[in-house]
Amino acid sequence: VQLQASGGGLVQARGSLRLSCTASGIGLFINGADWYRQAPGKQRELVATITSGGSTNYADSVKGRFTISRDNAKNTVYLQMNSLEPEDTSVYYCHTKQRLSRRDYWGQGTQVTVSS
């Protein structure tokens with residue numbers, strides 16, 4: 001199983017980025033997926049979730065600005081991030097949990113830096 005995250009970078013405040021997470025060896029449409037982020041010195045926090053049924057949930061801090069979506073054919077989950085703020089600067093990780101085994105799988109992380 002591999003989760004390959006990409007799309008991070010440096011962007012100015014109020015800008016946008018789209019993160020991608022492509023899975024191999026596991027179906028994101030079956031198991032759902034999440035995006036987490038972790039800033040230096042802080043705990044990893046859940047940013048957005050998409051369930052196997054397609055329902056979505058967001059942390060209060062990103063509601064209205066971030067959108068999680070999925071392309072089943074590509075086995076890829078996206079995080080569209082708009083109106084970025086310096087506080088969004090973090091390493092972003094994609095995650096999925098295998099439904100039967102309950103085993104967690106993580107992508108390698110992609111750095112997002114928002115300059116003021």
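Structural notes, computed from the coordinates. Quick caveat: nothing in here was measured; it's all calculated off a predicted structure. (Residues numbered from 1 in each chain as written. Predicted model: local features only at pLDDT ≥ 70, side-chain atom pairs only at ≥ 80, totals over all residues. Heavy atoms only, no water.)

1. Brief notes about the pairing of strand E7 (residues 66-71)
The pairing of E7 with strand E8 (residues 76-81) spans six bridges and is antiparallel. Among the inter-strand pairings, Ser 69 is bridged to a residue of E8, identified as Tyr 78. Counted along the chain from E7 to the antiparallel partner E8, the turn is four residues long, and its residue Asn 75 has a positive phi close to 50°. (Pairing = 2+ DSSP bridges. Helix = DSSP H or I, 4+ residues; strand = E, 2+ residues; numbered from the N terminus.)

2. Quick word on the state of the cysteines
Counted under the stated rule, the structure contains one disulfide. Disulfide pairing places Cys 21 opposite Cys 94 at an S-S distance of 2.2 Å. Taking the torsion about the S-S bond as the criterion, the Cys 21 to Cys 94 disulfide, at about 65°, is right-handed. Placement of Cys 21 in strand E3 (residues 17-24) and of Cys 94 in strand E9 (residues 90-97) is noted, with a sequence separation of 73 residues between them. When its relative accessible area of 2% is taken as the criterion, Cys 21 is described as buried. Accessibility expressed as a relative area gives 2% for Cys 94, which makes it buried. (Disulfide = S-S within 2.5 Å. Buried < 20%, exposed > 50% of the residue type's maximum accessible area, 1.4 Å probe, protein only.)

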